[in-house]
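Next come the chains, spelled out residue by residue.
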Amino acid sequence: MLSGKRILLIIGGGIAAYKALDLIRRLRERGAAVTPVLTAAAAQFVTPLSVSALAGEKVYTELFDLTDEAEMGHIQLSRVADLVVVAPATADLMAKMAQGLAGDLATTLLLATDTPVLIAPAMNVRMWEHAATQRNLATLRGDGVRVVGPNEGDMACGEYGPGRMSEPLEIVAGVEAALGQGPLQGRRVLVTSGPTHEPIDPVRYIANRSSGAQGSAIARALAVLGAEVTFVTGPAGVPPPDGVAVVRVQTARQMRDAVMAALPADAAVFAAAVADWHVVGDSRSKIKKVAGTLPTLQFAENPDILAEVSQLGTGRPKLVVGFAAETDDVVANATAKRVRKGCDWIVANDVSPATGIMGGTENAVTLISDAGAEVWDRAGKDVVATRLAARIADALGKG
Ligand code: C5P
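Residues numbered from 1 in each chain as written. Predicted model: local features only at pLDDT ≥ 70, side-chain atom pairs only at ≥ 80, totals over all residues. Heavy atoms only, no water.

(A) Spatial organisation of the site of the ligand. Contacts to the ligand come from Phe-270, Ala-272, Val-274, Pro-303, Asp-304, Ile-305, Leu-306, Gly-322, Phe-323, Lys-337 and Lys-341. Backbone polar atom of Ala-272 to an oxygen atom of the ligand: 2.6 Å apart, as the coordinates give it. Within the contact set of the ligand, an oxygen atom lies 2.3 Å away from a side-chain nitrogen or oxygen of Lys-337. Relative to its unbound accessible area of 450 Å², the ligand is 86% covered by the protein chains. Of all the secondary-structure elements, those providing two or more residues to the shell around the ligand are helix H12 (305–310), strand S16 (319–326) and helix H13 (330–341). (Near = heavy atom within 4 Å. Polar contact = N/O pair within 3.5 Å; in protein donor to acceptor, adjacent residues only side chain to side chain. Areas by Shrake-Rupley, 256 points an atom, 1.4 Å probe, with all protein chains shown as cover. Helix = DSSP H or I, 4+ residues; strand = E, 2+ residues; numbered from the N terminus.)

(B) Looking closely at the side chain of Thr-115. Its place among the elements puts Thr-115 in the loop between helix H6 (105–112) and strand S4 (117–121). In terms of polar contacts, Thr-115 uses its side chain to reach the side chain of Thr-113, at 2.7 Å. Leaving out residues up to four positions away in the same chain, Thr-115 has contacts with Ser-78, Arg-79, Ala-81, Asp-82 and Val-84. (Contact = heavy atoms within 4.5 Å.)

(C) How the structure looks around the packing of helix H5 (residues 91–99) against helix H8 (residues 131–142). The interhelical angle for the contact between H5 and H8, taken along N-to-C directions, is 50 degrees, at an axis separation of 9 Å. Judged on the interaxial angle alone, H8 and H5 are oblique. Where H5 crosses over H8, the two elements pack in a sense that is left-handed. Contacts from Ala-91, Met-94, Ala-95, Met-97 and Ala-98 of H5 reach H8 at Thr-133, Asn-136, Leu-137, Thr-139 and Leu-140. The residue inventory of the contact of H5 with H8, partitioned by class, reads seven nonpolar, three polar and no charged. (Axes fitted to C-alpha atoms, helices over the stretch in contact; angles between N-to-C directions. Parallel < 35°, antiparallel > 145°, perpendicular 65-115°, else oblique. Left-handed = near helix turned anticlockwise from the far one by under 90°. Nonpolar A, V, L, I, M, F, W, Y, C, P; charged D, E, K, R; others polar.)

(D) Geometry of the domain arrangement of the protein chain. Taken domain by domain, the protein chain consists of domain 1 (6–178) and domain 2 (188–397). The straight-line distance from the C-alpha centre of domain 1 to that of domain 2 is 35 Å. The partner domain 2 presents seven residues to the eight residues of domain 1 that form the contact. Taken together, both faces of the contact between domain 1 and domain 2 bury some 690 Å²; the carbon and sulfur share is 50%. Counting the contacts that link domain 1 with domain 2 gives one salt bridge. Residue contributions to the side of domain 1 that touches domain 2 peak at four residues, all from helix H9 (residues 168–178). Tallied by class, the residues present in the side of domain 1 that touches domain 2 amount to three nonpolar, two polar and three charged. (Domains from an automatic or database assignment. Buried area = accessible area lost by both parts, 1.4 Å probe. Salt bridge = Lys/Arg side-chain N within 4 Å of Asp/Glu carboxyl O.)

(E) A look at the packing of aromatic side chains. Using the criterion set out here, one finds zero aromatic pairs in the structure. When the ring centre of Tyr-60 is taken as origin, the NZ or CZ atom of Lys-58, which lies over that ring, is 5.5 Å away. (Phe/Tyr/Trp six-rings, centres within 6.5 Å; stacked < 30°, edge-to-face > 60°. Lys NZ or Arg CZ within 6 Å of the ring centre and 35° of its normal.)

(F) Spotlight on the sheet that holds strand S20 (residues 372–375). Read across the open sheet, the eight strands follow the order S12-S11-S8-S13-S16-S17-S19-S20; overall the sheet is mixed. Each having just a single partner strand, strand S12 (245–248) and S20 make up the two edges of the open sheet. On average, adjacent strands in this sheet sit at an angle of 15 degrees to one another, irrespective of strand direction. Packing against the sheet, helix H10 (residues 213–224) makes contact with strand S8 (188–193), strand S11 (228–233), strand S13 (267–270) and S16, and its axis sits at approximately 165 degrees to S8. Strand contacts of H13: S16, strand S17 (345–350), strand S19 (365–369) and S20, with the helix running at about 155 degrees to S17, the strand carrying the most contacts. (Pairing = 2+ DSSP bridges.)

(G) Representation of the nonpolar core within the structure. Counting 34 residues, the largest nonpolar core has Val-191, Ile-218, Leu-222, Val-229, Val-269, Leu-388 and Ile-392 as its most contacted members. Of all the secondary structure elements, the ones that give two or more residues to this core are S8, H10, S11, S13, S16, S17, S19 and helix H14 (381–398). Once you skip the residues sitting within four places of it in the chain, Val-229 turns out to touch Val-189, Val-191, Ala-219, Leu-222, Ala-223, Val-244 and Ala-245. One finds Leu-23, Leu-38, Leu-83 and Ala-87 within the second-largest nonpolar core, a separate group that totals 32 residues. (Core = buried A, V, L, I, M, F, W, Y, C linked by side-chain atoms within 4.5 Å. Buried < 20%, exposed > 50% of the residue type's maximum accessible area, 1.4 Å probe, protein only.)

(H) Representation of the environment of Leu-23 within the structure. When you line up the elements, Leu-23 lands in helix H1 (residues 17–29). You can call Leu-23 buried: its relative accessible area is 0%. In this structure the C-alpha to C-alpha distance between Leu-23 and Pro-168, which are 145 residues apart in sequence, comes to 4.8 Å. Setting aside anything within four residues of it in sequence, one finds Leu-23 in contact with Leu-9, Ala-87, Pro-168, Ile-171 and Val-172.

(I) Structural context of the pairing of S13. Residue alternation in S13 divides its side chains into two sets, Ala-267 and Val-269 and Ala-268 and Phe-270, and both sets are buried. Relative to S13, S8 runs parallel, the two sharing four bridges. The partner of Leu-190 across the bridge, within S13, is Ala-268. For S13 and S16, the ladder comprises four bridges, and the chain directions are parallel. In the sheet register, Val-269 faces S16, and the bridge partner there is Val-321.

Structure (structure tokens):
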């Protein structure tokens, strides 16, 4: 709940501004008061009238409005809030914030405020990935600005990739966490992610196609809900999220040790695609190619980290979640796996090449628990992550 909290909501000028209207509703539903501020560009996307009608308050738009200055100066306006939220935070607004520019009301408020700031970036994927935006993002993070999103997906401009503003409920979760009210506040959660690399010799290794995208999204979603996340990751293709403690490993055996060192935890999510075997006696020198002969590799089993943690006597996390990447009889195999491993939930997915899930941006999962199998609609991996994090918060909240 956000009752008694005041949010100063700065709406930037991007197509995602329409989602700010729903955000106002969601914040007010939870008891927050919302003081809206529109940039000049934002007023091209949403009208001041609709914003103020939803907020139930006057909307502020111009820096040099003498009436407003008489009513409430911009310095005061910037300080009455418990949190300043910028949604959408456009590339332009982020650049101005990073530079400390104050050419209009919104940027002046951002420069004058002494309350925490949360931004929800939204822009075209190329603009998001541009070195200048990433530099500005790093500057803002360094200044203590909290960031929610952006999500990956189809964009209004017809392109695909990261840059979509987070959904209003994700931003609300970010607001709650920023105000120390996330449902996972004070909870420790461990997440494994990515593939493992099992060396054959000093230059060759055995790997798999896991990108680490789903594990990364889960860790981010848990952190947004206020959890203290330890993220144990193999060599993944996507970067770890912000705001989590990252432990990097290469092999399954290293991952097992890192997991054990990260316990105790309230919940553990094993999203890593751990290699089942390692090569015995990986040589210290490169195996030479010898004409007419083939090298023989001998394998030994890797530790099953999920099973080991699930079957811990003392120190077992209250909720242990495993993944099951299957190509056939997904639900039957995953249901059997849940029992065999001893975990509480299994998130099962079909990784047949035709689904494009392994290494892709979407996931279609079935959540298997002692209550049975629950099919979730195919959605972006970040949406699946948000849903799973909410379920974890629910489960921990009940216990
Ligand atoms: O047995 P299988 O690899 O299909 O089980 C998948 C689940 O077990 C995943 O949650 C994965 O992270 C975990 N796992 C593990 N350690 C292993 C193998 C799998 O934690 N050695």
